[in-house]
Amino acid sequence: MRYQIADCIVEYEPIYEFLRKKMESYRFDGDAKTQITLTMTEELCIQKQAEQSHLTLEECEYIFVGLEFYRKLLLQGGMMIHASAVEVDGRVYLFSADSGIGKSTHTKQWQKYFGTERALIINDDKPAVRKEADGWVVYGTPFSGKTDEQLNRKGKLQGICMLERGKTNEIRRMDPQEAVLLLMRQTLVPRRKEMAERLLEMLDELFKEVPVYQMQCTISEDAAKMAYESMRGEGI
Amino acid sequence: MRIKNGFFMREVAGKYVVVPVGAQTNEFKGMIQMNQTGAFLWKALERDLTEEALTERMLDQYEMTEEQAKNDVHTFVTRLLEAGILEV
């Protein structure tokens with residue numbers, strides 16, 4: 001089976017229903033050459049599951065195929081960031097934080113504020129980011145964590161916001177130098193040197209060209225409005 | 001002393017970032033960020049050097065007193081030793 005994910009032609013035969021469903025909307029029938037071949041097998045899923053008994057076989061496939069895709073995407077010039085990606089009017093806003101801080105909860109507030117027609121959750125866990133001829137873009141991927149919040153869409157990357165919980169709503173532009181380690185904590189640094197090199201190279205370029213913010217916020221539509229108004233300001 | 005194998009440094013957004021690669025990822029979790037001077041010392045320590053030799057290199061490179069250089073090198077080396085990044 002072939003798929004097109006983050007503008008890469010991917011070859012893979014899903015084993016279990018969970019991942020098959022998530023990948024369905026990425027099916028590709030054209031003739032373009034395969035760029036990424038994913039190699040997960042049922043035997044390997046069984047082996048991984050034996051090592052990590054808190055996971056189901058379906059989850060093992062999902063997680064390890066996601067990791068393999070992530071590493072191979074780096075060699076194709078893309079990366080995945082642990083973030084919730086919300087698109088409004090063709091521009092994508094990324095909200096990144098450790099698990100449990102409330103990335104999805106925040107982007108849900110965007111949908112309340114703008115309505116679900118205008119605010120689209122492209123991906124709730126690991127959207128792909130890459131630089132194209134006309135700038136940085138975000139792609140939906142099948143790797144959306146527990147939720148099914150993922151769309152096979154692409155939009156311009158408007159900004160990245162490092163999210164923190166707070167009692168009031170405050171947002172500020174971050175100096176790239178202070179943002180580096182924070183954002184790197186939300187990407188996986190691969191073990192292989194050539195891949196780690198590609199990631200750092202890409203991040204260097206990303207920080208030069210894409211604004212990064214830090215926000216403390218409550219769970220509210222006000223927070224969504226503030227984030228949108230602050231982040232939309234640049235580049236439009 | 002020298003930097004152990006399996007670390008990789010690159011400039012990211014005007015600062016230098018060091019990440020572990022290969023087998024080193026099992027030993028060392030996380031990342032290190034350093035400034036220009038740190039990066040200079042790091043590069044020097046990719047080859048085996050004593051603390052004295054490193055101090056001399058620093059004096060060749062930067063306008064500073066011998067005492068400053070000694071202190072800076074000692075602080076840097078101590079931190080890397082504590083983090084388990086140097087082999088002696």
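Within any chain, residue numbers begin from 1 and follow the written order of that chain's sequence. Note on labels: chains are lettered from A, ligands numbered from 1, in written order. In keeping with the predicted nature of the model, local features appear solely for residues at pLDDT of at least 70, side-chain atom pairs appear and are counted solely at 80 or more, and the whole-chain, interface and lining totals rest on all residues. The side-chain values count all of the structure's non-hydrogen atoms but skip hydrogen atoms and water molecules.

What to know about the overall build of chain A
The line we're drawing: Labels follow the DSSP assignment, with helices taken as runs of H or I lasting at least four residues and strands as runs of E lasting at least two, numbered in each case from the N terminus. Just to be clear, the radius of gyration here is over C-alpha atoms, and the globule rule we use is 2.2 Å times residues to the power 0.38. Any two residues whose heavy atoms approach within 4.5 Å are treated as being in contact. Using a 1.4 Å probe, accessible areas were evaluated by the Shrake-Rupley method; residue-level cover was limited to the displayed protein chains. Charge counting follows a simple rule: Lys and Arg are positive, Asp and Glu are negative, and His as well as the terminal groups are ignored. Taken as the charge centre is NZ of Lys, CZ of Arg, CG of Asp or CD of Glu, depending on the residue.
Along its length, chain A carries 7 helices and 12 strands. What you see for chain A is a C-alpha radius of gyration of 18 Å, in line with the 18 Å of a compact globule of 236 residues. The dimensions of chain A, computed from C-alpha atoms along their principal axes, are 50 × 35 × 35 Å. The contacts in chain A between residues at least 6 apart in sequence include a share of 69% that link residues at least 24 apart. Of the roughly 10900 Å² of accessible surface on chain A, 47% is carried by carbon and sulfur atoms. Computed over 33 positive and 38 negative side-chain charges, the inter-centroid distance for chain A is 2 Å.

With respect to the nonpolar core
The tendency in soluble globular proteins is for nonpolar side chains to be buried side by side. Here is the rule we go by: Working definition of a nonpolar core: buried Ala, Val, Leu, Ile, Met, Phe, Trp, Tyr and Cys residues. They are joined through side-chain atoms within 4.5 Å. Only protein chains enter the accessibility calculation, which uses a 1.4 Å probe; a residue whose area is less than 20% of its type maximum is buried, one above 50% is exposed, and one in between is partly exposed. Each domain's limits were defined by an automated method or a database of domain assignments.
Among the nonpolar cores identified, the biggest contains 62 residues, and F69(A), L94(A) and L206(A) are the most heavily contacted of them. Here this core spans two domains, since at least three of its residues come from each of domain 1 (2-74) and domain 2 (79-231) of chain A. Each residue touching F69(A), except ones within four places of it in the same chain, is listed here: I5(A), A6(A), V10(A), I36(A), L38(A), M80(A) and F143(A). The next biggest cluster of nonpolar side chains, apart from the first, holds 24 residues, and it includes M9(B), I32(B), M34(B) and L45(B).

Examining the domain arrangement of chain A
Residue and element names in this part refer to chain A. Heads up, the rule is: For this analysis, a polar contact is any N or O atom pair within 3.5 Å, provided that within protein one partner can donate a hydrogen and the other can accept it, and provided that sequence-adjacent residues contribute only side-chain to side-chain pairs.
As assigned here, chain A comprises domain 1 (2-74) and domain 2 (79-231). Here domain 1 and domain 2 have C-alpha centroids that lie 23 Å from each other. Contacts between the two partners involve 20 residues from domain 1 and, on the opposite side, 24 residues from domain 2. Taken together, the connections running from domain 1 to domain 2 amount to 9 residue pairs in polar contact (both at pLDDT 80 or more).

Focus on the layout of surface pockets
Quick reminder of the rule: Throughout, the protein atoms alone are placed on a 1 Å grid, and a set of points is a cavity if a 1.4 Å probe fits but cannot get out or a pocket if it is open with protein on both sides within 12 Å along at least five of seven lines; lining residues have an atom within 4 Å of a point. Grid points are joined across faces, edges and corners, and a volume is the space filled by probe spheres set on the points. Polar here means any residue outside two lists: the nonpolar Ala, Val, Leu, Ile, Met, Phe, Trp, Tyr, Cys and Pro, and the charged Asp, Glu, Lys and Arg; Gly therefore counts as polar.
Space inside the largest pocket adds up to approximately 1200 Å³. Put simply, the parts of the chain that give the lining of the largest pocket at least two residues each are α3 (57-75) and α4 (103-114) of chain A together with β3 (15-20) of chain B. Tallying contributions element by element places α3(A) first for the lining of the largest pocket, with 7 residues. Classifying every residue of the lining of the largest pocket gives 18 nonpolar, 14 polar and 12 charged. Reported here for the second largest pocket is a volume of approximately 280 Å³. M34(B), N35(B), G38(B), F76(B) and R79(B) are the residues nearest the centre of the second largest pocket, which is lined by 15 residues in total.

Observations concerning the pattern of salt bridges
Any two side chains of opposite charge can pair, on the condition that their charged atoms come close. Residue and element names in this part refer to chain A. What counts is decided by this rule: Salt bridge, as used here: a side-chain nitrogen of Lys or Arg that lies within 4 Å of a carboxyl oxygen of Asp or Glu.
All chains considered together, the criterion is met by 16 salt bridges over all chains. Here D89 makes a salt bridge to R118, at a shortest N to O gap of 2.7 Å. Here D89 is found in the loop between β5 (83-88) and β6 (91-96), whereas its partner R118 is found in the loop between α4 and β7 (119-123), with 29 residues between them in sequence. E205 is paired through a salt bridge with K131; the nearest N and O atoms lie 2.9 Å apart. Linking E205 in helix α6 (residues 193-209) with K131 in strand β8 (residues 128-132), this pair joins segments that are 74 residues apart in sequence.

Here's the deal with the interface of chain A and chain B
What counts is decided by this rule: Buried area counts how much accessible surface, traced with a 1.4 Å probe, disappears from two parts once they are put together, with both parts' losses summed.
Every contact between the two is made by 18 residues of chain A and, on the other side, 16 residues of chain B. Among the residues of chain A in contact with chain B, Q177(A), R191(A) and L200(A) are the three that bury the most area, contributing 40% of the side total. Joining chain A to chain B, the criterion identifies 1 salt bridge. Of the charged contacts, one joins R10(B) and D204(A) as a salt bridge, the two residues approaching to 3.4 Å between their closest N and O atoms.

What about the side chain of E87(A)?
Residue and element names in this part refer to chain A. The topology assignment puts E87 in strand β5. The class for E87 is buried, based on a relative accessible area of 4%. A polar contact is formed between the side chain of E87 and the side chain of R153, at a distance of 2.8 Å. Sequence-distant contacts of E87, that is, excluding residues within four places in its chain, are made with V92, R118, A119, L120, I122, R153 and K154.

A closer look at the packing of aromatic side chains
All names here are of chain A. Put simply, the rule is: Any two of the Phe, Tyr and Trp rings considered here, Trp counted by its six-membered ring, make a pair once their centres fall within 6.5 Å; the pair's planes then place it as stacked at under 30 degrees, edge-to-face at over 60, or tilted in between. Both a distance and an angle decide whether a charge sits over a ring: NZ of Lys or CZ of Arg must be within 6 Å of the ring centre and within 35 degrees of the ring normal.
Summed over all chains, the structure comprises 13 aromatic pairs over all chains. Judged by centre distance (5.9 Å) and plane angle (45°), the ring pair of Y62 and F143 falls under tilted. You can see Y62 sitting in helix α3 and its partner F143 sitting in the loop between β9 (135-139) and β10 (154-165), a full 81 residues away along the chain. A single burial state applies to Y62 and to F143, both of which are buried. Each ring, one from W110 and one from F114, has its centre 5.8 Å from the other, and the planes form 40°; the classification is tilted. Placement of both W110 and F114 in helix α4 is noted, with a separation of 4 residues, approximately one turn of the helix. In terms of burial, W110 and F114 fall into one category: buried. Feature note: the residues Y93, F95, W110, Y113, F114 and Y228 constitute an aromatic cluster, connected by ring pairs. Seen from the ring of F64, K48 lies directly overhead, with NZ or CZ sitting 4.5 Å from the centre.

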